[in-house]
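Understanding the architecture of this molecule
Below, each chain spelled out in residue letters.
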Amino acid sequence: MADEQKAVAKKTKTSIPEFVNQVRTETSKVVWPTREETIRTAIFVFIFMVILSLFFFGVDSLFNALVNFLLTLA
């Protein structure tokens, strides 16, 4: 337990310029998508969103009809 605290205390805090340099270095390693990949992904997400919204609309309508039917029995 004491060894862990000593190890944490030995670590020095990162200065702001050093932090900015580390962020720039890590950002340069990122593989950014091309414009075509971004557009293709956006279209896929939009189509998937429409399909799921129609599915959930159908499920919601089914449950609504079921609840209304059960309420007419009471």
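Residues numbered from 1 in each chain as written. Predicted model: local features only at pLDDT ≥ 70, side-chain atom pairs only at ≥ 80, totals over all residues. Heavy atoms only, no water.

Let's talk about the packing of aromatic side chains
Tallied over the full model, the rule gives 2 aromatic pairs. With centroids separated by 5.9 Å and ring planes inclined at 15°, the aromatic side chains of Phe44 and Phe48 adopt a geometry described as stacked. With a gap of 4 residues between them, Phe44 and Phe48 both fall in helix 3 (residues 35–73), about one helical turn apart. Given the relative accessible area of 55%, Phe44 is considered exposed. On the numbers, 5.2 Å between centres and 70° between planes, the contact of Phe55 with Phe56 is edge-to-face. A residue is classified by how much of its surface remains accessible, and Phe55, at 49% relative accessible area, is partly exposed. (Phe/Tyr/Trp six-rings, centres within 6.5 Å; stacked < 30°, edge-to-face > 60°. Helix = DSSP H or I, 4+ residues; strand = E, 2+ residues; numbered from the N terminus. Buried < 20%, exposed > 50% of the residue type's maximum accessible area, 1.4 Å probe, protein only.)

Thoughts on the pattern of salt bridges
A complete count under the given rule lists 2 salt bridges for this structure. Across the salt bridge formed by Glu26 and Lys29, the nearest N and O atoms sit 3.3 Å from each other. Taken together, the positions of Glu26 and Lys29, both in helix 2 (residues 16–29) and 3 residues apart, correspond to about one turn of that helix. A relative accessible area of 48% places Glu26 in the partly exposed class. On the basis of relative accessibility, which here comes to 54%, the residue Lys29 falls in the exposed class. Measuring nitrogen to oxygen at the nearest pair gives 2.5 Å for the salt bridge that ties Glu36 to Arg40. (Salt bridge = Lys/Arg side-chain N within 4 Å of Asp/Glu carboxyl O.)

These values are about where atoms sit, not about what they do.
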